Amino acid sequence: MKSFLGFRAGCRVEVGRGRAGPTIRRLGRALLAVLVVAAATAVGGEARRPNVLMIAIDDLNDWVGCMNGHPQAQTPHLDRLAARGVLFRNAHCQAPLCNPSRASLLTGLRPTTTGIYGLAPGIRDVAATQDRVTLPQHFAQNGYFTAGFGKVHHDGSIPPRWRTNEFTVWGPAPGMPLPKQKFVDTPAKMAVMDWGVFPEDDRDQADWKIAEAAIGQLKSLPPGKPFFVAVGFRLPHVPCFASQRWFDLYPGEDAIALPPWRAGDREDVPDFAWYLHWKLPEPRLDWVRSAGQWRPLVRAYLASTTFMDSQVGRVLAALDEIGAAENTLVVVWSDNGWHLGQKDITGKNSLWEPSTRVPLIFAGPGARPGGVCSAPVELLDIYPTLIDLCGLPPRPGLEGHSLRPQLKDPAKPRRWPAITTHNPGNDAVRTDRWRYIRYADGSEELYDLRRDPNEWTNLAARVEFKRVKRDLARWLPQHPVPHAPGSAHRILMRSDGQWLWEGQPIRPEDFNPIQ
């Protein structure tokens, strides 16, 4: 490899031959030593900073082998990665929806700070974030080559003309393949609200193409720079598609384990909780059960997750192949979870555990192998953690906290809970034991997750827990900013005393039990 000094590393350089005397030879040797040190510093100094491989996953809940969220889940590549580093078992998103969650993670700001609560607007259309230096931009400003593939930012949130401002290379982000006709006739006729065996060839899958593009980039990195490569996989977000081979890894539908569910679970839940998912394309459990689709959906979610995991494995194998694994920080996260029947819904858009709890894994330099951290952490913590581990200058105003202490000692406690918001005034506070929810109408929920991991018993009305609620309530956002101009899709707001879902009045008599 040729250095900036013009000689080839590893070649023999002879000094002091010919008629030069001892003094000249000593000076020559000293000069050579200086030049060699300078060359090594120039060639390897930047490279000694850790590289970053950031893998984003769409709508993956805790149905990951190492998280024990589902007894039949098969994710061998994520499990091996977790064994190499630290698994955060109590990590939570800041919004249970793609765009606001990703906007929060990438800008380091909460939805209650930015006003981004729905699927629109994007970060460059909002005053609080239009000039905000995002996580990959901060790395680029500090000498890193950056590239993004697949769904890293929310789809469509960054206009094409601005994309190369976000990454040095903005790679392909293909959409999911779709059959000519939906497999499942859901109440919402959206083509993507579907699940089943499709396509026949894995190479037609979006996640295969995303992995292929990322692998190509890893094998053609510019020399002399550390890299920050982000890879955003689409599955298991609907449509939950996978080829037959991935379905065959799971037992037949009759033997598929369903998630824990209890009839009448929402009897002690405030009616206002329905307002957070008043009308969605994801079907309610009532329809899923009556249509005989509960087990097929669960099986498809598991199969599509395992296929996605295989693509994670392909990217990690490429990292090994180029010899960069030892000096690369790998971080894996999901933007939000997903209900598969719990609390009588499918999808996200709730403040309960299935919607907010996500996988979070750090592996590589600075992460203790085999570590498991049970302290509550946030996706907001990724930004300050990566710049801390890579020795980059801190960014002012970040609302998360570095996880470096927990990466060194996973048992080390943290001072902060995890907070999730879904539209202004609707917030959840998650500690190592409690989940406290307060809705915009003042109604509440409180769950003791140690004794009630399924959140089946709402303790909020019990007088003996008044102090617990008071202590948790001090973490609630005090002055949430209203919806940013242009907010749309999954938006709940109040106007003239009337609650509106996506601009339409919410009337209890219009409640739809299936959608």
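Attention here is on the structure that accompanies the text. Here the residue numbering is sequential within each chain, running from 1 through the sequence in written order. The predicted origin of the model limits local features to residues at a pLDDT of at least 70 and limits the giving and counting of side-chain atom pairs to 80 or more, whereas totals for whole chains, interfaces and linings rest on all residues. No hydrogens and no water enter the side-chain calculation; it runs on all heavy atoms of the structure.

Now for the sheet that holds strand β12 (residues 357-358). Backbone hydrogen bonds are what pair the strands of a sheet, in a parallel or an antiparallel way. A pair of strands is labelled paired if DSSP reports no fewer than 2 bridges between them. Starting at the N terminus, helices and strands are each numbered in turn, a helix being any DSSP run of H or I of at least four residues and a strand any DSSP run of E of at least two. An order of β12-β3-β15 is seen for the three strands of this open sheet, with the pairing classed as mixed. The open sheet has two edge strands with one neighbour each: β12 and β15 (377-378).

Let's shift gears to helix α7 (residues 206-218). Given 3.6 residues per turn, any residue in an α-helix points the same way as the ones three and four places further on. Its 13 residues place the ends of α7 18 Å apart at the C-alpha level, agreeing with the 18 Å of an ideal helix rising 1.5 Å per residue. Relative accessible area decides the class of each residue, using a 1.4 Å probe on protein chains only: under 20% of the type maximum gives buried, over 50% gives exposed, and in between gives partly exposed. Those residues of α7 that sit buried are A206, D207, I210, A211, A213, A214, I215, Q217 and L218. Contacts were defined at the residue level, with two residues in contact if any of their heavy atoms lie within 4.5 Å. Elements that come into contact with the buried residues of α7 comprise β4 (145-150), β5 (169-170), β7 (227-236) and α10 (294-321). To estimate the expected span of a helix, subtract one from its residue number and multiply by 1.5 Å.

Strand order across the open sheet formed by three strands is β20-β21-β22, with antiparallel pairing between neighbours. The sheet is open, and its two borders are formed by β20 (492-495) and β22 (504-505), each paired with just one other strand. Relative to β22, strand β21 (residues 498-501) runs antiparallel, the two sharing two bridges. In the sheet register, W501 faces β22, and the bridge partner there is Q504.

Structurally, E378 can be placed in strand β15. Overall, E378 belongs to the buried group, its relative accessible area being 2%. Along the sequence, E378 and H401 sit 23 residues apart, while their C-alpha atoms lie 8.6 Å from each other. Residues contacting E378, with those up to four places away along its chain left out, are H92, Q94, R110, P417, A418 and I419.

Burial within β4 is extensive, with six of its six residues counted as buried. The sheet contact formed by β4 and β7 spans six bridges and is parallel. In the sheet register, G148 faces β7, and the bridge partner there is A230. Pairing geometry for β4 and β5, over two bridges, is parallel. Looking at β5, one finds that G148 is bridged to W170.

Next up on the list: the pairing of β21. In terms of strand pairing, β20 meets β21 through four bridges, oriented antiparallel. Following the sheet pairing, M493 is matched in β21 by L500. What sits between the antiparallel neighbours β20 and β21 is a turn of two residues, in which D496 has the positive phi angle 50°. In sequence, β21 turns back onto β22 through a hairpin of two residues, with E502 there showing a positive phi of about 50°.

Moving on, we come to unusual backbone geometry. Of the consecutive residues A120 and P121, the connecting peptide bond is found in the cis state with omega at 5°. Tracing the chain through its elements places P121 in the loop between α4 (111-114) and α5 (135-141). The omega torsion across V238 and P239 is 0°, close enough to zero to call that bond cis. Even without being a glycine, N68 presents a positive backbone phi close to 60°. Assignment of secondary structure puts N68 in the loop between β1 (51-58) and α2 (76-84). The phi torsion at H489 lies on the positive side, around 70°, for a residue other than glycine. Looking at where H489 falls in the secondary structure, it is placed in the loop between α14 (466-473) and β20. Since its relative accessible area comes to 46%, H489 is described here as partly exposed.

Note that every value here comes from positions in space, so none of it alone points to a role or purpose.
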